[in-house]
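Residue-level structure breakdown
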Amino acid sequence: MRKTTTLALIATAVVALGCGSGATDNASDSSNDAGGAKSEDKPAKTAKIGQPARDGKFEFTVKSSKCGVAKIGNDMLGQKAQGQFCLVTLNVKNIGKEAQMFDGSSQKAYAADGTEYSADSGAAIYANKNAETFLNDINPGNQVNGVVVFDIPKNVKLTKLELHDSMFSGGVDVALS
């Protein structure tokens, strides 16, 4: 009986955390909503490299994108790409009122044909000296700079990123070309 109660409490906590972690404050976005539609139904503006883009509690600024990298790390510790690594350097600032965890694995990249690529968290460990993009808690007003890594086929060119403040958020698009 005690084991069942403990498991039920843990399951309830996990569900509650999952439901609340993607919550965003969109009150300021609905100021010119004449038709009664929710603001998240409106198409989002796509940012470019160097322009800030917001999703939830984070403001992202993509600084650069470099593809064609065959290996990350050194001879002793490193990782080889299955195809090619694309290294996306970005700044992540917490614009919320409480700590928020940044997870590089929640970020996505897209090719021109719409193919979606996931971030490679293992390779990102070698690309970041201080694990900036791996489950990093960022306090309000603070920011980190880091590299998100994507392992994509050699003949593919990424055209946009979809950046998320959590795995449950809607995301914001940033054009790479």
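Every value quoted in this text rests on a predicted model; they were computed, and no experiment measured them. (Residues numbered from 1 in each chain as written. Predicted model: local features only at pLDDT ≥ 70, side-chain atom pairs only at ≥ 80, totals over all residues. Heavy atoms only, no water.)

As a further point, take the confidence of the model for the chain. When pLDDT is averaged along the chain, the result is 80, and 75% of the positions lie at 70 or above. Considering only residues more than four positions removed or in separate chains, one finds that residues 1–43, a stretch of pLDDT under 50, has 18 contacts. (pLDDT = per-residue confidence, 0-100. Contact = heavy atoms within 4.5 Å.)

On to the environment of V148, then. Mapped onto the elements, V148 comes out in strand β9 (residues 143–152). Considering only alpha carbons, one finds V148 and T133, 15 residues apart in sequence, at a separation of 6.6 Å. Ignoring any residue separated from it by four or fewer positions in sequence, one finds V148 in contact with C86, L87, V88, L90, F102, G104, Q107, A119 and T133. (Helix = DSSP H or I, 4+ residues; strand = E, 2+ residues; numbered from the N terminus.)

A contiguous nonpolar patch, built from M76, L77, I125 and Y126 and spanning about 470 Å² of accessible area, is present on the exposed surface. Note on placement: I125 falls in helix α2 (residues 121–127). (Patch = residues over 30% accessible without salt bridge, like charges linked within 9 Å, V, L, I, M, F, W, Y side chains within 5 Å. Areas by Shrake-Rupley, 256 points an atom, 1.4 Å probe, with all protein chains shown as cover. Salt bridge = Lys/Arg side-chain N within 4 Å of Asp/Glu carboxyl O.)

Strand order in the open sheet formed by five strands is β1-β11-β10-β6-β7, with mixed pairing between adjacent strands. Sheet topology places β1 (47–48) and β7 (116–118) at the edges, where each strand pairs with a single neighbour. Note that strand β6 (residues 108–111) and strand β10 (residues 158–163) share four bridges and pair antiparallel. When the sheet's bridge partners are listed, A111 is paired in β10 with L158. (Pairing = 2+ DSSP bridges.)

With that settled, consider the nonpolar core. Core analysis: the largest hydrophobic core is formed by 26 residues, its most contacted members being V92, F102, F150, L158, L161 and L163. At the level of elements, β3 (58–73), β4 (78–94), β6, β9, β10 and β11 (172–175) are the ones that each hand at least two residues to this core. Those residues in contact with V92 that lie beyond four places of it in its chain are F58, E59, F60, F102, I138, N142, Q143 and V144. Counting nine residues, the second largest nonpolar core, distinct from the first, contains V69, F85, A123 and A124. (Core = buried A, V, L, I, M, F, W, Y, C linked by side-chain atoms within 4.5 Å. Buried < 20%, exposed > 50% of the residue type's maximum accessible area, 1.4 Å probe, protein only.)

Read from one edge to the other, the open sheet built from four strands follows the order β2-β3-β4-β9, with strand pairing classed as antiparallel. Each edge of the open sheet carries a strand with a single partner, namely β2 (52–55) and β9. With strand direction ignored, the average angle separating the axes of adjacent strands in the sheet is 40 degrees. Relative to β9, β4 runs antiparallel, the two being bridged by 10 bridges. Pairing of K93 across the sheet is with Q143, part of β9. (Axes fitted to C-alpha atoms, helices over the stretch in contact; angles between N-to-C directions.)

Using the criterion set out here, one finds three aromatic pairs in the structure. Centre to centre, the rings of F58 and F102 are 6.0 Å apart; their planes meet at 70 degrees, and the pair counts as edge-to-face. Of this pair, F58 sits in strand β3 while F102 sits in strand β5 (residues 100–102), placing them 44 residues apart in sequence. Taken individually, F58 and F102 each receive the classification buried, so the pair is uniform in this respect. Pairwise contacts between aromatic rings join F58, F60 and F102 into one cluster. Its guanidinium or amino end placed over the ring of Y110, K160 lies 5.0 Å from that ring's centre, counting from NZ or CZ. (Phe/Tyr/Trp six-rings, centres within 6.5 Å; stacked < 30°, edge-to-face > 60°. Lys NZ or Arg CZ within 6 Å of the ring centre and 35° of its normal.)

It is worth spelling out the state of the cysteines at this point. Across all of its chains, the model carries one disulfide by this definition. Paired by a disulfide, C67 and C86 hold their sulfur atoms 2.0 Å apart. Residues C67 and C86 share a disulfide whose torsion about the S-S bond is about 115 degrees; that sign makes it right-handed. With a gap of 19 residues between them, C67 in strand β3 and C86 in strand β4 connect regions that are remote in the sequence. Assessed through its relative accessible area of 0%, C86 is described here as buried. (Disulfide = S-S within 2.5 Å.)

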